[in-house]
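A look at the structure
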Amino acid sequence: MDEHRKMIWQRGDARQIMREARRRFSSLSPQSQVALASAHYSLVKRYWSWWQWPLALWHMWRAWANANMAVTLVDDPVRLTSDQIDVVTTIWIKSPGFLRDLRRAEHLLTFALIEKPAMKPHTNALMLITLRDILWKRGEGDYAWEHNKKTEALVPEIEMEKSADSKQQLARVLKSVGLFYIDHAGGELYIRGIKYVKQARDLAAVVSKDQYEKILVELRRRGTVID
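A quick note: this is a predicted structure, and the numbers were derived from the prediction, not measured.

**Observations regarding the overall build of the chain**
Along its length, the chain carries 12 helices and 0 strands. N-terminal to C-terminal, the α/β element order of the chain is α-α-α-α-α-α-α-α-α-α-α-α. For 227 residues, the compact-globule estimate of 2.2 N^0.38 gives 17 Å, and the C-alpha radius of gyration of the chain, at 17 Å, lies within 12% of that figure. In terms of its C-alpha atoms, the chain occupies a principal-axis envelope of roughly 50 × 35 × 35 Å. Here the analysis covers contacts within the chain between residues at least 6 apart in sequence; of these, 61% occur between residues at least 24 apart.

**Details of the pattern of salt bridges**
The final tally for this structure, using the stated rule, is 20 salt bridges. Across the pair lysine 6 and glutamate 3 runs a salt bridge whose closest N-O atoms are separated by 3.5 Å. One end of the pair, lysine 6, and the other, glutamate 3, are both in helix α1 (residues 3–9), 3 residues apart, so they sit about a helical turn from each other. Connected through salt bridges with shared partners, the residues Lys45, Asp183, Glu218, Arg221 and Arg222 form a single ionic network.

**Structural notes on the side chain of lysine 214**
Here lysine 214 shows up in helix α12 (residues 209–222). Owing to a relative accessible area of 14%, lysine 214 belongs among the buried residues under this scheme. Apart from residues no more than four positions distant in its own chain, lysine 214 is found in contact with Ser42 and Lys45.

**Some points on the environment of histidine 122**
Tracing the backbone shows histidine 122 in helix α7 (residues 121–137). Taking the C-alpha atoms as reference points, histidine 122 and valine 197, 75 residues apart in sequence, are found 17 Å from one another. Excluding its chain neighbours within four sequence positions, the residues that come into contact with histidine 122 are Ile158, Glu161, Ser163, Asp165 and Gln169. At 2.6 Å, the side chain of histidine 122 forms a polar contact with the side chain of glutamate 161.

**Focus on helix α5 (residues 82–94)**
In this model, α5 (13 residues) spans 18 Å end to end at C-alpha, consistent with the 18 Å of a helix rising 1.5 Å per residue. Counted residue by residue, α5 has 11 buried out of 13 residues, so it is predominantly covered. Those residues of α5 not exposed but buried are Ser82, Gln84, Ile85, Asp86, Val87, Val88, Thr89, Thr90, Ile91, Trp92 and Ile93. Residues of α5 that are buried sit in contact with α3 (30–43), α4 (53–72), α6 (102–115) and α7.

**Observations regarding the packing of helix α10 (residues 166–184) against α12**
Interhelical geometry of α10 versus α12 gives an angle of 5 degrees and a closest axis separation of 11 Å. Our classification of the angle between α10 and α12 gives roughly parallel. Contacts between α10 and α12 pair Arg172, Lys175, Leu179, Ile182 and Asp183 from the former with Gln211, Ile215, Glu218 and Arg222 from the latter. A class-by-class count of the residues in the contact of α10 with α12 yields 3 nonpolar, 1 polar and 5 charged.

**Quick look at unusual backbone geometry**
A positive phi angle is found at arginine 11, which is not glycine, with a value near 55 degrees. Positionally, arginine 11 belongs in the loop between α1 and α2 (14–24).

**Concerning the side chain of serine 38**
By the element assignment, serine 38 lies in helix α3. The class of serine 38 is buried, set by a relative accessible area of 18%. Excluding its chain neighbours within four sequence positions, the residues that come into contact with serine 38 are Arg5 and Val87.

**Looking at the packing of aromatic side chains**
Taken as a whole, this structure holds 3 aromatic pairs when the rule is applied. Aromatic side chains tryptophan 136 and phenylalanine 180 sit 5.5 Å apart centroid to centroid with 80 degrees between the ring planes, which places their arrangement in the edge-to-face category. Note that tryptophan 136 is positioned in helix α7 and phenylalanine 180 in helix α10, a separation of 44 residues in sequence. Judged by relative accessible area, which is 34%, tryptophan 136 ranks as partly exposed. Assessed through its relative accessible area of 5%, phenylalanine 180 is described here as buried. Cluster of aromatic residues (ring-pair linked, three or more members): Trp136, Trp145, Phe180 and Tyr181.

The rules behind the values
- The numbers attached to residues start from 1 for each chain and follow its sequence in the written order.
- Local features are withheld for residues below a pLDDT of 70 in this predicted model, meaning they are given only at 70 or higher, and side-chain atom pairs are given and counted only at 80 or more; totals for whole chains, interfaces and linings count all residues.
- The basis for every side-chain value is the complete set of heavy atoms in the structure, and neither hydrogens nor water enter the calculation.
- Each helix is a run of DSSP H or I of at least 4 residues and each strand a run of E of at least 2, with the numbering of both proceeding from the N terminus.
- C-alpha atoms define the radius of gyration in this analysis, and the globule rule sets the expected value at 2.2 Å times the number of residues to the power 0.38.
- Here, two residues are considered to be in contact whenever any of their heavy atoms come within 4.5 Å of each other.
- A pair is scored as a salt bridge if a Lys or Arg side-chain nitrogen falls within 4 Å of a carboxyl oxygen belonging to Asp or Glu.
- Each residue's exposure class comes from its accessible area (1.4 Å probe, protein chains only) as a fraction of the maximum for that residue type: buried when under 20%, exposed when over 50%, partly exposed otherwise.
- Distance and chemistry together define a polar contact, namely a pair of N or O atoms within 3.5 Å, with one atom able to donate a hydrogen and the other to accept it when in protein, and with adjacent residues in sequence counting only for side-chain atoms on both sides.
- The span one expects for a helix is its residue count, reduced by one, times 1.5 Å.
- Convention adopted: a line fitted to C-alpha atoms gives each axis, helices being fitted over their contacting stretch, and angles between N-to-C directions are expressed from 0 to 180 degrees.
- Each angle receives one of four descriptions, namely roughly parallel if under 35 degrees, roughly antiparallel if over 145, roughly perpendicular if within 65 to 115, and oblique otherwise.
- Here the term charged refers only to Asp, Glu, Lys and Arg, the term nonpolar to Ala, Val, Leu, Ile, Met, Phe, Trp, Tyr, Cys and Pro, and the term polar to all other amino acids, Gly among them.
- Each pair of aromatic rings taken from Phe, Tyr and Trp, with Trp reduced to its six-membered ring, is defined by centres within 6.5 Å and is described as stacked if the planes are under 30 degrees apart, edge-to-face if over 60, and tilted in the remaining cases.

The following block contains the structure:
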């Protein structure tokens, strides 16, 4: 795996991560701008506490600015790769307040899921998750549930994926599918959600300190205890 990406997954020093990102991705190209956006976004939740929130907002704003620059640099955002679209649309819907752009994210995701069928299974799953969250925010619960089930169906393919960060991406997908069930379901689906999040936590403990810490934060926020 690329050393810079490994640094992010393993929750390396934030200054070193950004110093390396600026060194590597200094060119004014869509690829570099998306990479910078991803690096900034990866640091946001580290600082989401009452005394560090200005730093979290700064990284979020920089992620948004770089993502939008990437789109500006192409004549049509659908020319971005599937992975780039995943990063850009995630940032668009996670940005606070007036920076958030659900409509544009939905349009781009819908296009990508239809017109870019050769994407990796984990990229497909992450796009479905982002679209699921948009639909849920808009009150279209049935469609959101449908997208969560489609994401869940991709888990076996992600487990078989040969990409360098497949295990880290599997932890992300399992966490998201599981938390959706924990938040919105009861009975057997709630239990399934607990199982997925536990699997994600245990996997992340080995392959990604960053994802592991994020999972613990999400569980604490919900008051959910998993043995």
